[in-house]
Amino acid sequence: MGEKEYTLNILGISLLKCNICKEYIQICNGKMKTDAEVLELVKEISDPEIPVLTIVDLGIVEKIKVEENKLYIGILPTYNGCPAMDLIRMMVYEKCYDAGFRDIEVAYLNSPHWTTDRISQQGMDAIQEYGIAAPDASTRIEQLINGESSILCPKCHSSNTKLISAFGSTACKALLQCNDCLEPFEYFKSNGIRQPES
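Below, the structure is looked at part by part. The structure displayed is predicted, hence computed values, not measured ones.

With that settled, the discussion passes to the pairing of strand E10 (residues 184-188). Taking burial as the measure, the 5 residues of E10 include 4 buried ones, the bulk of the element. The sheet contact formed by strand E7 (residues 132-133) and E10 spans 2 bridges and is parallel. Looking at the pairing, Ile132 lines up with Glu186 of E10. As defined by bridge partners, strand E9 (residues 173-178) adjoins E10 across 5 bridges and the pair is classed as antiparallel. If you follow Ala174 over to E10, its bridge partner there is Tyr187. Hairpin connection from E9 to E10: 5 residues lie between these consecutive antiparallel strands, with Leu182 at a positive phi of about 70 degrees.

It is worth spelling out helix H4 (residues 121-129) at this point. When H4 is considered as a whole, its buried residues turn out to be Gly123, Met124, Ala126 and Ile127. Down the axis, H4 shows its buried residues gathered within 165 degrees of arc, on one side only. Every exposed residue of H4 that faces more than 90 degrees away from the buried side is listed here: Gln121, Gln122 and Glu129. Gly131 lies just past H4 and shows a positive phi near 100 degrees.

Moving on, we come to the environment of Leu175. If you trace the backbone, Leu175 turns up in strand E9. Distance in space between the C-alpha atoms of Leu175 and Tyr187 is 6.3 Å, their sequence separation being 12 residues. Contact partners of Leu175, with chain neighbours within four places excluded, come to Leu163, Ile164, Ser165, Phe167, Gly168, Pro184, Phe185 and Glu186.

This next bit is on the sheet that holds E7. An order of E7-E10-E9-E8 is seen for the 4 strands of this open sheet, with the pairing classed as mixed. The strands lining the two open edges of the sheet, one partner per strand, are E7 and strand E8 (161-165).

Further remarks concern the sheet that holds strand E5 (residues 70-75). Hydrogen bonds between backbone groups are what pair the strands of a sheet, and the pairing can be parallel or antiparallel. The sheet built from 3 strands is open, its strands ordered E4-E5-E6 with mixed pairing. If you trace the sheet from one side to the other, it starts and ends with strand E4 (61-67) and strand E6 (103-108), each paired once. Taking each pair of neighbouring strands and ignoring which way they run, the sheet shows an average axis angle of 10 degrees. Contacts from helix H1 (residues 35-42) reach E4 and E5 within the one sheet, and its direction differs from that of E4 by about 130 degrees. Packed on one face of the sheet, helix H3 (residues 84-98) meets E5 and E6 and runs near 160 degrees to E6.

Below, the discussion takes up the state of the cysteines. Tallied over the full model, the rule gives 0 disulfides. Here Cys82 stays unpaired: no disulfide links it, and the sulfur of Cys172, its closest cysteine neighbor, is 6.1 Å away.

Okay, the environment of Ser149 next. Here Ser149 is to be found in the loop between helix H5 (141-145) and E8. Residues Ser149 and Lys162, spaced 13 residues apart in sequence, show a C-alpha to C-alpha distance of 9.2 Å. If we skip the residues at most four places from it in the chain, Ser149 touches Thr139, Gln143 and Leu144. Engagement of the side chain of Ser149 in a polar contact is seen with the side chain of Thr139, the distance being 3.1 Å.

Rules of the game
Residues numbered from 1 in each chain as written. Predicted model: local features only at pLDDT ≥ 70, side-chain atom pairs only at ≥ 80, totals over all residues. Heavy atoms only, no water. Buried < 20%, exposed > 50% of the residue type's maximum accessible area, 1.4 Å probe, protein only. Helix = DSSP H or I, 4+ residues; strand = E, 2+ residues; numbered from the N terminus. Pairing = 2+ DSSP bridges. Arc of directions from axis to C-beta. Contact = heavy atoms within 4.5 Å. Axes fitted to C-alpha atoms, helices over the stretch in contact; angles between N-to-C directions. Disulfide = S-S within 2.5 Å. Polar contact = N/O pair within 3.5 Å; in protein donor to acceptor, adjacent residues only side chain to side chain.

This is the structure in structure tokens:
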């Protein structure tokens, strides 16, 4: 059968050459064996609905466990029925597979419950800069529906805004309009711990 041949690609990952078909196969060669290194890897994965937000900044990566070439990643579903979760799970699997892992489990976790409080400050800033109003823990959607509260416009920062629809392009967002600059914008609805009004 001949001897096994190895080479390194530009990422420093071993490629095992098949003695039969002569194709190279990626394997994890010890270049990425720590939980922290896998965390850095999945930081490269963006939320498919808000591409400026990584899944790590979104706060859904709860557990990473590397044992030899076995990899376990536990992720937290966001809103019930979110269509992006299956895609995110596939993206995590593909990213880790491309890095050389073969024994990969990406599992949904039921605990702890994901809330918008888990979004990092960097993630909040990215959402705002993208033109979506970031979650406001002091405001619930029912307050916007009843006209009891308002969300700052991410474009001109006016508080003179109104709710157009409780649902935007996705279930986790609402559609609002600014009465000053007249621009419509989406708001990432908060389901975190309610903060007292100042």
